[in-house]
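Okay, here's what each chain looks like letter by letter:
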Protein chains: 2
Amino acid sequence: MNLSAQQKDLLPYVNTLIGTEKMGHTYPGATAPFGSVQLSPDTDTISYELNGKYNKDVYKYCAGYRYEDKTIVGFSHTHFSGTGHSDLGDFLVMPTVGELKMNPGTAQNPDSGFRSRFSHDEEIAQAGYYSVNLKDYKIKAELTATTRTGFHQYTFPKSNNAHIILDLMSGIYNYDDKTVWTYVRVVNDSLITGYRQTNGWARTRTVYFAMSFSKPFKNYGRKDFDATQVYRGFWRKFNQNENFPEIAGKKIRMHFDFDTEEGEKIQIKFALSPVSQNNALENMQSEIQGWDFEAVKNQTQADWNKELNKIQIEASENDKTNFYTSLYHSFINPTTYMDVNGEYKGLDQEIHKADGFTHYTTFSLWDTYRALHPFFNIVQPSRNNDMVKSMMKHYEQNSLKMLPIWSHYANDNWCMSGYHSVTVVADAIIKGTFDGDANIALDACIVTANKRNYEGIGDYIDLGFIPDERNGTSVSNTLEYAYDDWAIAQAAMKLGRMDVYNEFIKRSQNWRNNFDESITMMLPKKLDGTFRKEFDINDTHGQGFIEGNSWNYSFFVPHDPENLAKAMGGKKKFTQKLNTLFTMHLPDEFFADTEDITREGIIGGYVHGNEPAHHVAYLYNWSSEPWKTQETVRHILEMQYKPTPDGLGGNDDCGQMSAWYMFSAMGFYPVAPGSDWYSLGSPLVDKASINLENGKTFTVESINQSKENVYVKKVELNGKEIKDYKLKHSDIVNGGKLVFYMSKSK
Amino acid sequence: MNLSAQQKDLLPYVNTLIGTEKMGHTYPGATAPFGSVQLSPDTDTISYELNGKYNKDVYKYCAGYRYEDKTIVGFSHTHFSGTGHSDLGDFLVMPTVGELKMNPGTAQNPDSGFRSRFSHDEEIAQAGYYSVNLKDYKIKAELTATTRTGFHQYTFPKSNNAHIILDLMSGIYNYDDKTVWTYVRVVNDSLITGYRQTNGWARTRTVYFAMSFSKPFKNYGRKDFDATQVYRGFWRKFNQNENFPEIAGKKIRMHFDFDTEEGEKIQIKFALSPVSQNNALENMQSEIQGWDFEAVKNQTQADWNKELNKIQIEASENDKTNFYTSLYHSFINPTTYMDVNGEYKGLDQEIHKADGFTHYTTFSLWDTYRALHPFFNIVQPSRNNDMVKSMMKHYEQNSLKMLPIWSHYANDNWCMSGYHSVTVVADAIIKGTFDGDANIALDACIVTANKRNYEGIGDYIDLGFIPDERNGTSVSNTLEYAYDDWAIAQAAMKLGRMDVYNEFIKRSQNWRNNFDESITMMLPKKLDGTFRKEFDINDTHGQGFIEGNSWNYSFFVPHDPENLAKAMGGKKKFTQKLNTLFTMHLPDEFFADTEDITREGIIGGYVHGNEPAHHVAYLYNWSSEPWKTQETVRHILEMQYKPTPDGLGGNDDCGQMSAWYMFSAMGFYPVAPGSDWYSLGSPLVDKASINLENGKTFTVESINQSKENVYVKKVELNGKEIKDYKLKHSDIVNGGKLVFYMSKSK
């Protein structure tokens, strides 16, 4: 591996199996940084529906792979990382030998289908590389990927009956009609192209592909599992099941047959495109010439090392593994959604060309506006700039004229509360990482925030809150809109648009409308202006909240902690309220049915596994006992992140959990994205050097650091003490040194 | 209407209602010459399936309109003309007033849905223009079209509850899953764009559209009739049924609501594209500026007059109507399949750009190779050149590497026997209308003719016939392949490729292998080389034939009538055999179940409503009584073509029946396309002048012409008598005069 003099080999600290057990929802397969292809094993294919109803088990398979499973169904090319709802899993490939099986079979009886047993003892899971022994077939499977192309290498035993299955029906969060259409052309004896169109979490989604084999297949065929097509009359002129090169339908699996020698490798390059088969082929040919698997793997891993070296830390081995696996997980989404020629499919389902920027998709913004995009504004400012530009294209191409809520593959699924894209845009404007027209971007934020027919916004504008009667998650929405409005106001201030500032700074105070002063908690308010009486303060469901109960959401005023503390009765009362949150007993019943988190993801009533309270540990900085931020942050770092498959206390959520970890491990956190400051905590690392894109370095050092020494006696920025627990964004990007002096006493 | 000095106003002789009753399967709506849009009323929407089985009634609605129906469901934008299987019917538009109805309702109870009663008394059906009064709503509907854009004009009564329905589920030969996907964007209050993807006779087909209203709608909405979509959770954040601009699903109808004044016109421009929404919009903007319905109608009708003036005839009024309606029907397919910017979707489902030619689709080649393409080689040689180029693109883009069999909208449905595209290609090479690389085109013919796994070709090559055991239509296939092979041989001869000539001229003699000399009829042959014994000479079904029984197919050796006559026992026996065909009694049972023809479509055992015997009346020219060709042709002209809705004796088959009419009415017919000669019959017209593209004129005159004077005493070409009943292609294209001297005696 070629590393520059300054670079360390950080790959050993990335364990892609972290988060694959319990609630992490990460995938262990191969991807390039921010790559379009996520080539990863799927250990089962659970249907979204069971007997016409939602099948809760599907949730476990958000990323396709469960560490506790004993079999692998195959390797598919697209996966979300850490989501709490899912989609994708396109183009499942599985090598087999022996009798041709065209069904995956069951976990209980693996021999009933093409799936294979496997063991973690024979599994390697690295950044950009995954390998496993498929026990049932004695096939060694190896995977790597470039940005748009998956590269498979299968080492076969001797066989005159070897197969490679291409399953075009399989998918994540699959259901009977999910595959809307499939089209495949067998171009020659070692190249096929086609597309797969799905109706899933993305309503209208098409992925084009080109699949190239290193060895010609001797025979091929398809099986069509759809019995509903009616126009088959003259199509019977061919036997379309065997060696017929034009394949289309809704439920297709294909097989490609080979003779293999002992130890013979058959390789597959599998490229994706959002636009066309030709573009997929161009992507493949542009990214990978020839069949040198090792070279491609080495290049991708070198790319990863380059990205990982953006932050160099000194810490314990376990903490390094947590840190660099977090860094890895934060650098795999949003994903590149653009061909090498710049073309991509827009939200209008038309083909567009990205002019001077990389177009991205997979925006889990309710999660990622909090810490991931702010993290990018420090370590990936160019990419974040392009992400904002991608969001602006979404806006332009959108017949709704809204910035994205939760978007992937030219669709918005409108998942979760708020319109947090505006905060990502505002944060980039304020921190100077967006180099487009900031006024146009701000206009897009304003239009989005005034979309009256979306999720209670009309009421919110008219009344200052969303009546409980009219919206099931009225409090979450009001609080999050108010926060986003504040971010709009900040960007408007920076751009000198005071009329906009005045309007939105007023709206940002709407959190007060759901604040019941009598109990100093956030509560749903009714049309008549009174607070709802039938209400369980611990419960999330049907109480006006989503992914967080009143306890967690009552602190959701990241933009105005000082006034929140006042509203809660002053600094002391604020401290007590925070203490209660972190020490209360939350009965099992209130999270047992909650997706996304585990028992371990909860500290008292604080739920780290979901995002709404991610800033709350830092609110002690506005209380009468700021040291509690330090203690609590270190407690969360230790409790919620472990270098094991079950090490994540909740969904990684496209890198948000990871970004929280890295910020906090370095001793600061963006409590209020849209501002130009960070709130200080307690660093976990001995030292962290952030190698900025501008060539400067920002270093964090913690003196006298240890597991017990979690309290900060003093902090110095470039030798000057910081008293207000705040670090400015400019202090970071100008380069410099932040030194924490640690102690075991408060 | 602006006509040049040489042009006549021939529009009065086009009656687009001809063929809309019984078996003609034509549509009465508006289309431009060879246009992409066929905007026509649909009088019902019959499902292809009824209780999971084929619904025979669907066949009647191949063109969407039945003259005998009493209601109109709406006006859709794509229709086949005269086919015996169907598809299309995209984007049904219906204006209504009063209560909003989102179902079409039934013919029995029109008030149950949005359909309306209508009367032929209030209907105008012209080339390029259709108008009808929608009685139930007192709305006058008018339609015209440019090549790629339909233009609707609806004159409303006063109403504050007027609607325009856009039905995206409706289709011809529809079934429950036919609409694979629909996508619609409401761009603004008077423009929507989107696409519709179907799985029908064309397996993978997408039509993009742009729909522009002359007046902003005050409100709009959709109804989604699909209950199967599961991922609806966050999509509920909007009320997607009303004024929601991003619409997608499988079963969508939309409504657009208006207030109207008495007599207010609301107009719609509806453009199609095979490629994209943007291209559809570009097509519309390029073809129609503004909202002047009359101007567009006048231009399209002027375009029609220009096309119709390519042949100017003198004849009775009825014969003129038959002739010009035939000319109209022969100039509406194949259809333009290319955007104004040259882009089209290829057979590989990728976007291509036509370089220097117009790309066409809708190739019903089993029908049209016989007379329609030969007709084009005289009157539309440039278009026929482009059609051959389109077929070559089909070949290049086809993973199967075959020229088209029956292709439409970037698909082949492989309908009917033979590989007759090779004859169209050969005919164009031989007649010099193809200006591409003839050797490459011949290669494509050869590859197609050697596609061993298609419809018995392997056996045909190996054995010289297709064993009855292995193919249900073995005799039709063998005879048609033999004919096509002869055409290949002719092209090879012209190109000096004698190896190819020798191979295919030999194959062209394969008709002899199915010729049972003992009864001098074509019969199915078994693997062991014996003829099948259980056989009904009158029956078509399960006897080795398709759309023609042994009687009709026994004469199918158009390329070698002389030897056929010999094989049948010489000229006298040949005459007797032909006499038998035209005079025998074919019991009802043998055609009662046959699609495509009526009792009137049969003369003796000769079935004019189907194509295999279209050349047979001319075979008398090789018999001992050539004058019988004259008598028989005139009899067919009179019996099978009438200027009434029920005037066609069988499916018009994309203009083949019409081309037969025009050739025969002018006194000659291309018995063997792929040759450079025509066989002479008996002209119906007094005079016909063909205005050739090269500026020359070929004139046919019949002296002493009358209904009784059907016999030809003498024929002179440029004053020189023709004795062999043959006219050379060069004699026509060089211009000149053909004079028939008619008599009432043989």
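- Under an unreviewed UniProt entry, chain A has the name Alpha-1,2-mannosidase, putative and belongs to Moheibacter sediminis.
- According to the UniProt record, the Cofactor (unreviewed entry) comment for chain A is "Ca(2+)".
- According to the UniProt record, the Subunit (unreviewed entry) comment for chain A is "Monomer."

## Here we look at the packing of helix 2 (residues 293–308) of chain B against helix 3 (residues 317–330) of chain B
All names here are of chain B.
Argument step 1. Running from N to C, helix 2 and helix 3 cross one another at 110°; their axes reach a closest spacing of 10 Å. One way to sum up the angle between helix 2 and helix 3 is to call them roughly perpendicular. Between helix 2 and helix 3, the residues in contact are Trp-304, Glu-307 and Leu-308 and Tyr-324, Leu-327 and Tyr-328, respectively.
Argument step 2. Considered class by class, the residues forming the contact of helix 2 with helix 3 number five nonpolar, no polar and one charged.

## Considerations on the interface of chain B and chain A
Argument step 1. With 60 residues of chain B in contact, the opposing surface of chain A contributes 59 residues.
Argument step 2. A combined buried area of about 5,500 Å² lies between chain B and chain A, and 53% of that area is made up of carbon and sulfur atoms.
Argument step 3. Put simply, chain B and chain A have four salt bridges between them.
Argument step 4. Of the charged contacts, one joins Asp-177 of chain A and Lys-250 of chain B as a salt bridge, the two residues approaching to 4.0 Å between their closest N and O atoms.
Argument step 5. Connecting chain B to chain A are 25 residue pairs in polar contact (both at pLDDT 80 or more).
Argument step 6. Mapped onto the side of chain B that touches chain A, the elements with two or more residues apiece are strand 14 (179–188), strand 15 (191–198), strand 18 (246–249) and helix 1 (277–287) of chain B.
Argument step 7. Sorting elements by how many residues they give to the side of chain B that touches chain A places strand 14 of chain B first, with five residues.

## What about the side chain of Asn-552 of chain A?
Argument step 1. Secondary-structure assignment places Asn-552 of chain A in helix 12 (residues 550–553).
Argument step 2. Setting aside its immediate chain neighbours within four residues, Asn-552 of chain A contacts Leu-581, Gly-605, Tyr-606, Val-607 and Ala-613 of chain A.

About the thresholds
- Chains are numbered independently. Their residues run from 1 in the order of the written sequence.
- Each chain is given a letter, starting from A, and each ligand a number, starting from 1, according to the order in which they appear as written.
- Owing to the predicted nature of the model, reporting of local features is limited to residues with pLDDT of at least 70; listing and counting of side-chain atom pairs is limited to 80 or more, with chain, interface and lining totals taken over all residues.
- To get the side-chain values, take all heavy atoms of the structure and skip hydrogens and water.
- UniProt positions are given in the numbering used here, feature names are shortened, and annotations may be inferred rather than shown by experiment.
- Orientation is described by lines fitted to C-alpha atoms, with helices fitted over the stretch in contact, and by angles between N-to-C directions that extend from 0 to 180 degrees.
- Numbering of helices and strands runs from the N terminus; a helix is a DSSP stretch of H or I covering at least four residues, while a strand is a stretch of E covering at least two.
- In these notes the angle categories are as follows: under 35 degrees is roughly parallel, over 145 is roughly antiparallel, 65 to 115 is roughly perpendicular, and the rest is oblique.
- Whether two residues are in contact is decided by their heavy atoms: any pair within 4.5 Å suffices.
- The residue classification treats Ala, Val, Leu, Ile, Met, Phe, Trp, Tyr, Cys and Pro as nonpolar and Asp, Glu, Lys and Arg as charged. All others, Gly included, are polar.
- Buried area is a sum: the accessible area each of two parts loses on coming together, probed at 1.4 Å, counted once for each and added.
- Here a salt bridge means any side-chain nitrogen of Lys or Arg lying within 4 Å of a carboxyl oxygen belonging to Asp or Glu.
- Residues adjacent in sequence count toward polar contacts only when both atoms are side-chain atoms; beyond that, a polar contact is any pair of N or O atoms within 3.5 Å, and within protein one must be able to donate a hydrogen and the other to accept it.

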